[in-house]
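If you want the building blocks of each chain, they are given just below.
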Amino acid sequence: MAVLAILDQFETWFAQVAAGIGWPGEGLLRLVVAAVAGGMVGLEREFRGRQAGFRTYLLVALGSAVVMVVSTRLALRDWSHGGNYQVTVDPGRIAYGVMTGIGFLGAGTILHSKGSIRGLTTAAGIWCVAAVGLAIGMGLYVFGLLGAVLIVTALWLLDYVEQVLPKLRYRTVTVRTAWRPNCIADTVARFKQGGLKVMDASFERNNGDLTKADIHLRVCFLSSASYYSLERQLEGDKVYELIATREL
């Protein structure tokens, strides 16, 4: 509770300082804080070698803050023009548009290739950073910065947690063997003996040499050690020739 009280006091002090600067200084401060928050998350992505890195995250947070600042200024503006009517402006409408638009940007970072999907974490991170930019653009400085810290924590620390947690891994493996009766079933049994679960198996025979068959297997396993142990065994196996392997 003491920490929450300190954060509340800091939020109040920060808001008073920002208000004391006046306009457009306060708006500029919101943009700078949003850029810092977005850049902080972007540095983590840049460090891990992601395509959407420091500049992308900074610009998303900065742009969201700009949109939110404009939206709040529109709501504060007097639209009556001295008449007997009043126009009510909802600042949340533009925020809805930002979050929807960011979804398209995030979709562009998701790659799907042969059953493998990559970029979901990056897309989620961009969406979260946009929300942080909107919060800071609204003037919720401490709340937005705390959100950025939590995002970095989730991206950084949970990556190590995922490495510790048991997780099924999937691979496609292609082996070449002499064509004979039950060679597909024998190959599946060989992989099962190695501690792997065979999800699917198919084969093809080269028209130039019908004595050989390439068998494609989709396998899953919990222990990477068991897979690599089997892979080393296949490299020296006289019955099977390891042709290709790819993680899904």
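Look up: the structure comes first, before these words.
Residues numbered from 1 in each chain as written. Predicted model: local features only at pLDDT ≥ 70, side-chain atom pairs only at ≥ 80, totals over all residues. Heavy atoms only, no water.

> Help me understand the overall build of the protein in this model?
Of the regular secondary structure elements, the protein holds eight helices and six strands. Counting from the amino terminus, the protein carries its helices and strands in the arrangement α-α-α-α-β-β-α-α-β-α-β-β-α-β. With 248 residues in all, the protein has 32% of them scored as buried. Residue pairs in contact within the protein that sit at least 24 positions apart in sequence constitute 66% of those at least 6 positions apart. (Helix = DSSP H or I, 4+ residues; strand = E, 2+ residues; numbered from the N terminus. Buried < 20%, exposed > 50% of the residue type's maximum accessible area, 1.4 Å probe, protein only. Contact = heavy atoms within 4.5 Å.)

> What should I look at first to understand the packing of helix H2 (residues 25-47) against helix H5 (residues 120-137) in this one?
At a closest axis distance of 9 Å, the pairing of H2 and H5 adopts a crossing angle of 165°. Considering their axes alone, H2 and H5 lie roughly antiparallel with respect to each other. As H2 runs across H5, the sense of the crossing is right-handed. Contacts between H2 and H5 involve Arg-30, Val-33, Ala-34, Ala-37, Gly-38, Val-41 and Arg-45 from the first element and Thr-121, Thr-122, Val-129, Val-132, Gly-133, Ile-136 and Gly-137 from the second. For the contact of H2 with H5, the per-class residue count stands at seven nonpolar, five polar and two charged. (Axes fitted to C-alpha atoms, helices over the stretch in contact; angles between N-to-C directions. Parallel < 35°, antiparallel > 145°, perpendicular 65-115°, else oblique. Left-handed = near helix turned anticlockwise from the far one by under 90°. Nonpolar A, V, L, I, M, F, W, Y, C, P; charged D, E, K, R; others polar.)

> Would you explain the sheet that holds strand E6 (residues 240-247) in this entry?
Within a sheet, neighbouring strands are paired by backbone hydrogen bonds and run either parallel or antiparallel to one another. As summarised here, the arrangement of the four strands in space is E4-E5-E3-E6, forming an open sheet in which the pairing is antiparallel. Strand pairing shows two members of the sheet lacking a second neighbour, strand E4 (197-206) and E6, which therefore form its edges. With strand direction ignored, the average angle separating the axes of adjacent strands in the sheet is 20°. Relative to strand E5 (residues 209-221), E4 runs antiparallel, the two sharing eight bridges. What sits directly across from Ser-202, in E5, is His-216. Here helix H8 (residues 224-235) sits on the sheet and contacts strand E3 (169-178), E5 and E6; the angle it forms with E6, its principal contact strand, is near 145°. (Pairing = 2+ DSSP bridges.)

> Where do I start with the nonpolar core in this structure?
Formed by 26 residues in total, the largest nonpolar core has its most connected members in Val-41 and Ile-136. Mapped by element, the contributors of at least two residues to this core are helix H1 (2-21), H2, helix H3 (54-76), helix H4 (92-107), H5 and helix H6 (141-164). It is H5 that provides the largest number of residues to this core, a total of six residues. With near-sequence residues (within four places) excluded, Val-41 lies in contact with Tyr-57, Val-129, Ala-148, Ile-151, Val-152 and Leu-155. The next biggest cluster of nonpolar side chains, apart from the first, holds 14 residues, and it includes Phe-191, Leu-196, Ile-215 and Leu-217. (Core = buried A, V, L, I, M, F, W, Y, C linked by side-chain atoms within 4.5 Å.)

> Hey, could you run me through unusual backbone geometry in this one?
Note: most residues except glycine have negative phi, and most peptide bonds are trans. Residue Asn-182 is not a glycine yet carries a positive backbone phi of 65°. Here Asn-182 is to be found in the loop between E3 and helix H7 (183-193). Judged by relative accessible area, which is 58%, Asn-182 ranks as exposed.

> Hey, could you run me through the packing of aromatic side chains in this one?
The description of an aromatic ring pair rests on the distance of the ring centres and on the angle between the ring planes. Counted according to the given criterion, the structure contains three aromatic pairs. With a centroid separation of 5.0 Å and 5° between ring planes, the pair formed by Phe-221 and Tyr-227 is classed as stacked. Chaining the aromatic ring pairs together yields one cluster made of Phe-221, Tyr-227 and Tyr-228. (Phe/Tyr/Trp six-rings, centres within 6.5 Å; stacked < 30°, edge-to-face > 60°.)

> I would appreciate a short explanation of a nonpolar patch on the surface in the present structure.
Judged by side-chain polarity, Phe-10, Trp-13, Val-17 and Ile-21 come together as a nonpolar surface patch covering roughly 380 Å² of accessible area. As for its placement among the helices and strands, Val-17 is situated in helix H1. Since its relative accessible area comes to 36%, Val-17 is described here as partly exposed. (Patch = residues over 30% accessible without salt bridge, like charges linked within 9 Å, V, L, I, M, F, W, Y side chains within 5 Å. Areas by Shrake-Rupley, 256 points an atom, 1.4 Å probe, with all protein chains shown as cover. Salt bridge = Lys/Arg side-chain N within 4 Å of Asp/Glu carboxyl O.)

> Just checking my understanding: could you explain the packing of H1 against H2 for this structure?
The axes of two packed helices give the description: the angle between them and the distance between them. At a closest axis distance of 7 Å, the pairing of H1 and H2 adopts a crossing angle of 135°. The pairing of H1 with H2 is recorded here as oblique in orientation. Of H2, the residues touching H1 (which contributes Phe-14, Ala-18, Ala-19 and Ile-21) are Gly-25, Glu-26, Leu-29 and Val-33. Here the residues of the contact of H1 with H2 sort into six nonpolar, one polar and one charged.

> Just checking my understanding: could you explain H5 for this structure?
An α-helical turn contains 3.6 residues, so a residue and the one three or four places further along point in the same direction. With 18 residues, H5 extends 26 Å between its outermost C-alpha atoms, agreeing within 8% with the 26 Å of an ideal straight helix rising 1.5 Å per residue. All of the buried residues in H5 are Thr-122, Ala-123, Gly-125, Ile-126, Val-129, Ala-130, Val-132, Gly-133, Leu-134, Ala-135, Ile-136 and Gly-137. Backbone geometry just after H5 places Gly-139 at a positive phi near 105°. (Expected span 1.5 Å × (residues − 1).)

> Whenever I open this one, the pairing of E5 confuses me. Can you help?
The side chains of a regular strand alternate between the sheet's two faces. Bridge analysis of E3 against E5 gives 10 bridges, and the strand direction is antiparallel. Pairing of Arg-171 across the sheet is with Val-219, part of E5.

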